[in-house]
Amino acid sequence: MTAKHLVWDWNGTLLDDLHLVVSSTNAAFAAVGGRDVGADEHRRMFRRPVAEFYAEMLGRAVSAEEFGRLDRIFHDAYRLGLTDITLAHDAMTAIKTWPGTQSLLSMWFHSELVPAVENYGLAGIFARIDGLRTEVGGDLKAAHLARHLEGLGVAGGDVVLIGDSLDDGAAADAVGAASVLYTGGFTDPVRLRESGRPVADSLVEAVKMAISL
């Protein structure tokens, strides 16, 4: 049976920005004397809350104040590199494959997300777009997803979320939604498959899995 509504993740899922995220993370680490992290290591170790990931990679505790500073450095570097970033190669095909309503939920800042979605030619596709409306990011997605569905007026049981992280899967679990996890994003495929959730190697495959749930 086709789910009533599909929620897409943005960064690492529809947007092919893994290497930009890694370089932006390294810009933040360099500001406090941390070492560079490679893409494979980032995919193995990344998790939310991001402050915990930073603490593990830096080998020490990271205070809320310091994390706020590192988060700003990260996003400043990320913005500079966005001009070279494209959608995932099959993103448009995958979006067009879904037969029902769709929305977009991101842990990126809302004021920047909305114009970016328009710039990528996706205006008018999503029933709702929600990014962060805070000054500092990095938290878990569950509460953000709950607010997103409340704004849509859609029950969790009528939803499938396609994302690229274990946190996406946990957020879907928290609201009673199904999820499909995509291996082309920020998380090592082995970690995704070990979670026991449906896992797809392409976005088109992810949509086909979502339709079957």
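Residues numbered from 1 in each chain as written. Predicted model: local features only at pLDDT ≥ 70, side-chain atom pairs only at ≥ 80, totals over all residues. Heavy atoms only, no water.

J.: Help me understand the pairing of strand 3 (residues 129–132), please; the structure alone is not making it clear to me.
T.: Each regular strand shows side chains that alternate between the opposite faces of the sheet. When strand 2 (residues 101–109) meets strand 3, the two strands line up parallel, connected through three bridges. Opposite Leu104, over in strand 3, you have Ile129 as the bridge partner. (Pairing = 2+ DSSP bridges. Helix = DSSP H or I, 4+ residues; strand = E, 2+ residues; numbered from the N terminus.)

J.: Help me out: how do you make sense of the sheet that holds strand 3 in this one?
T.: Strands in a sheet are paired, the pairing made by backbone hydrogen bonds, and the direction either parallel or antiparallel. Strand order in the open sheet made by the six strands is 3-2-1-4-5-6, with parallel pairing throughout. Every interior strand has two partners, whereas the edge strands, strand 3 and strand 6 (199–200), have only one. Sheet strands in contact with helix 7 (residues 142–152) are strand 1 (5–9), strand 2, strand 3 and strand 4 (159–163), and its direction is about 140° off that of strand 2. (Contact = heavy atoms within 4.5 Å. Axes fitted to C-alpha atoms, helices over the stretch in contact; angles between N-to-C directions.)

J.: I'm lost on the environment of Ala55 in this one. Help?
T.: Structurally, the position occupied by Ala55 is in helix 3 (residues 50–58). The spatial distance from the C-alpha of Ala55 to the C-alpha of Phe67 is 9.3 Å, given a sequence separation of 12 residues. Ignoring anything within four residues of it in the chain, the contact list for Ala55 reads Arg60, Ala61 and Val62.

J.: Sorry if this is basic, but what is going on with the packing of aromatic side chains here?
T.: Any two aromatic rings considered together are summarised by their centre-to-centre distance and by the angle between their planes. Applying the stated criterion to the full structure yields nine aromatic pairs. Their ring planes at 75° and their centres at 5.2 Å tell us that Phe29 and Tyr54 sit as a pair that is edge-to-face. Separated by 25 residues along the polypeptide, Phe29 in helix 1 (residues 18–30) and Tyr54 in helix 3 bring together distant segments of the chain. Overall, Phe29 belongs to the buried group, its relative accessible area being 1%. According to the relative accessible area criterion, Tyr54 is buried, its value standing at 2%. Judged by centre distance (6.0 Å) and plane angle (50°), the ring pair of Phe53 and Tyr54 falls under tilted. For the pair Phe53 and Tyr54, a shared accessibility class is recorded, and that class is buried. Ring pairing ties together the aromatic residues Phe29, Phe46, Phe53, Tyr54, Phe67 and Phe186, which thus form one cluster. (Phe/Tyr/Trp six-rings, centres within 6.5 Å; stacked < 30°, edge-to-face > 60°. Buried < 20%, exposed > 50% of the residue type's maximum accessible area, 1.4 Å probe, protein only.)

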